[in-house]
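Listed here are the chains, written in short residue letters.
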Amino acid sequence: MPRRWTTTAVVVVLALAALACESGGGGGGIGQPSAGPPRPSATARPDLPASMAALGDSISSGFGTCLVLANCQRNSWSSGDGLRVESHYRRLLEANPAIRGNGHNHAAAGARVRQLADQASAAVAAGADYVTVLIGANDACRGRIEEMTEVSDFRAEVDRALTVLKQGRPKARVLVVSIPDLYRLWEIGHSESQVVRAWNRGVCPALLANPTSTAAADASRRSAFRARIDAYNKELTAACRAYGSRCRHDGGAVHRVRFSLDMLNRLDYFHPDVDGQAKLAEVTWGSSGFTG
């Protein structure tokens, strides 16, 4: 959880920073001039989408990629229009100018799978031709293992959301992305004091509570968390297969990413920073179906 600030001046600075993160137009980093997405080609490709939408949680909303722990959609691996991440939207824009300004982001920090259907409805309302889905981390990141979303319920909610997309935008292409290997974060961070301090503020307790403990109960809890993520990923694969030919899965590409600490933001050491978002865009683009 982010630290509570106590002075008005700091609150104002953070609020302005957050607003800057959310502003459209895709600006550069601090001290860099603002600029739009890359210059598109002169000729549109009719086989490419003219509108896209990102669904999911804080990973897809670019949470923590600016100066504060807040959404920063311009840095999203999926729909971001900023210069620092070569997102799916920016890659599509290079080939199809018709998509300019139509990269919608309905992902929300803290979202769980039960909220995915509502996000899918928003994508349908926006007329999305291409939809990315990355969900599940918050269903596992509960206070206790017993509070994690049951696997059967997780699958039912994924199916419900995909049904909304299929009925509302039957010709849209859907990319379902695997959940990152969150257990790896514990592996690479539990021996780093600054990381442990960040996690002790309440980051993903089901996995990261007592991160330095070697007690059997803590080891068992982490193993149960890891197994639940694996189970969710299997259901995501199966749900996409059941959807049909308009759905593609990343084949576990995101889950296989060997994240390092320098790919995480320095505030919570949990969410990807700009480099992490860029890596997500890179490893998922090949599964989008638009690379040919």
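For the structure itself, look to the data block above.
Residues numbered from 1 in each chain as written. Predicted model: local features only at pLDDT ≥ 70, side-chain atom pairs only at ≥ 80, totals over all residues. Heavy atoms only, no water.

Draft legend 1. Up close: unusual backbone geometry. Phi is positive for C204, which is not a glycine, with a value near 40°. Its relative accessible area of 7% is what places C204 among the buried residues. Although it is not a glycine, N210 sits at a positive phi angle of roughly 50°. Structurally, N210 is set in the loop between α8 (205–208) and α9 (216–243). (Buried < 20%, exposed > 50% of the residue type's maximum accessible area, 1.4 Å probe, protein only. Helix = DSSP H or I, 4+ residues; strand = E, 2+ residues; numbered from the N terminus.)

Draft legend 2. Fine view of the pattern of salt bridges. Enumeration over the complete set of coordinates arrives at ten salt bridges. Between D159 and R155 there is a salt bridge, and its shortest N-O distance comes to 3.0 Å. In this pair, D159 and R155 both sit in helix α5 (residues 151–168), four residues apart, roughly one turn of the helix. A relative accessible area of 27% places D159 in the partly exposed class. Linked through salt bridges whose partners overlap, the residues forming this network are R144, E146 and E147. (Salt bridge = Lys/Arg side-chain N within 4 Å of Asp/Glu carboxyl O.)

Draft legend 3. Inspection of the pairing of strand β1 (residues 52–56) at higher detail. The element β1 is largely enclosed, with a buried count of five among its five residues. Here β1 shows a buried face lined by M52, A54 and G56 and a second buried face lined by A53 and L55. Note that β1 and strand β2 (residues 103–105) share three bridges and pair parallel. Pairing of A53 across the sheet is with H104, part of β2. (Pairing = 2+ DSSP bridges.)

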